[in-house]
Amino acid sequence: LAFAPDGTLYAQTDSDDRGDRSIHGGMIWRLDRRTGAATPVARNAGRPRGLLALPDGRLVMVDNEHHVVRLLDPRTGAMTDLAGVADAPGFADGTGAAARFDQPSDVVLTSDNRLIVADRSNHRLRVVTLDGVVSTYVGTGAPGSIDGHWSTATFNLPQGLGVDAEGNVFVTEMGGFNVRRVSIDGMVTTVAGVGAPGYADGEAPQAMFFGM
């Protein structure tokens, strides 16, 4: 799901309005929050598990299965690749088609209009500008849940992202079973989780998660 600045709600489904479902299919819908009516916006959108509405109305789609970050203009249905190459997983910083991702899973927008992408199977967070320039934000590439400075901190299959009003980025780890924070002062800390799968409410040191 993604809310546009004008309040429009967009959603992605794996099946389209014809009932077709394939790895290259996928549908983006515009939803009327008053009536629940869904209007097709774009077919064959792949698997954009990360969906974000930009201030200019375009949608950012992070395709987990096809390893690419795309832009969609919901007014025309036109899709363009912003960074990465479809069906070519890997790791590389660079611009546009020179960059590579491996199962990117979510995306948030910072106050300076940079995209932060959870590059799940590369165990990193990546920065993507709206010009398609990709660089590594944090994570060494080694799977782990080591806190510390951006240059040494590690992640284990980072999947879900959120950003607060101060610009701190919050990350859920599918492989680490933790919630982590990347602060604007350059430090990574574990907010909650013990690093093992389970279910437990409580204070941060005792809380447990599964299926992040």
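Just above, that's the structure.
Predicted, not measured: the structure shown is a model, and the values here were computed from it.

1. Structural notes on the pattern of salt bridges
For the coordinates displayed, the defined rule picks out 14 salt bridges. For Asp119, the salt bridge goes to Arg126, with nearest N and O atoms at 2.7 Å. When its relative accessible area of 0% is taken as the criterion, Asp119 is described as buried. Relative accessible area serves as the criterion here: at 0%, Arg126 is assigned to the buried category. Look at the salt bridges and you will find they share partners, linking Asp14, Arg21, Arg47 and Arg49 into a network.

2. A few points about the sheet that holds strand 17 (residues 179-182)
Across a sheet, strands are paired by hydrogen bonds formed along the backbone, either parallel or antiparallel in direction. The strand order across the open sheet formed by five strands is 14-18-17-16-15, and the pairing between neighbours is antiparallel. Each edge of the sheet is formed by a strand with only one pairing partner; in this case those strands are strand 14 (148-149) and strand 15 (158-163). Both strand 15 and strand 16 (residues 169-173) contribute to a ladder of five bridges, which runs antiparallel. From the neighbouring strand, Val163 faces strand 16, where its bridge partner is Val169.

3. Points about the sheet that holds strand 6 (residues 59-63)
The sheet built from four strands is open, its strands ordered 5-6-7-8 with antiparallel pairing. The two strands at the open ends of the sheet, each matched to only one other strand, are strand 5 (48-53) and strand 8 (78-83). Averaged over all pairs of adjacent strands, the angle between their axes in this sheet comes to 25°, without regard to strand direction. With five bridges connecting them, strand 6 and strand 7 (residues 68-73) associate as antiparallel partners. Across the sheet, Val62 pairs through a bridge with Val69, a residue of strand 7.

Each value, and the rule that gives it
Residues numbered from 1 in each chain as written. Predicted model: local features only at pLDDT ≥ 70, side-chain atom pairs only at ≥ 80, totals over all residues. Heavy atoms only, no water. Salt bridge = Lys/Arg side-chain N within 4 Å of Asp/Glu carboxyl O. Buried < 20%, exposed > 50% of the residue type's maximum accessible area, 1.4 Å probe, protein only. Pairing = 2+ DSSP bridges. Helix = DSSP H or I, 4+ residues; strand = E, 2+ residues; numbered from the N terminus. Axes fitted to C-alpha atoms, helices over the stretch in contact; angles between N-to-C directions.

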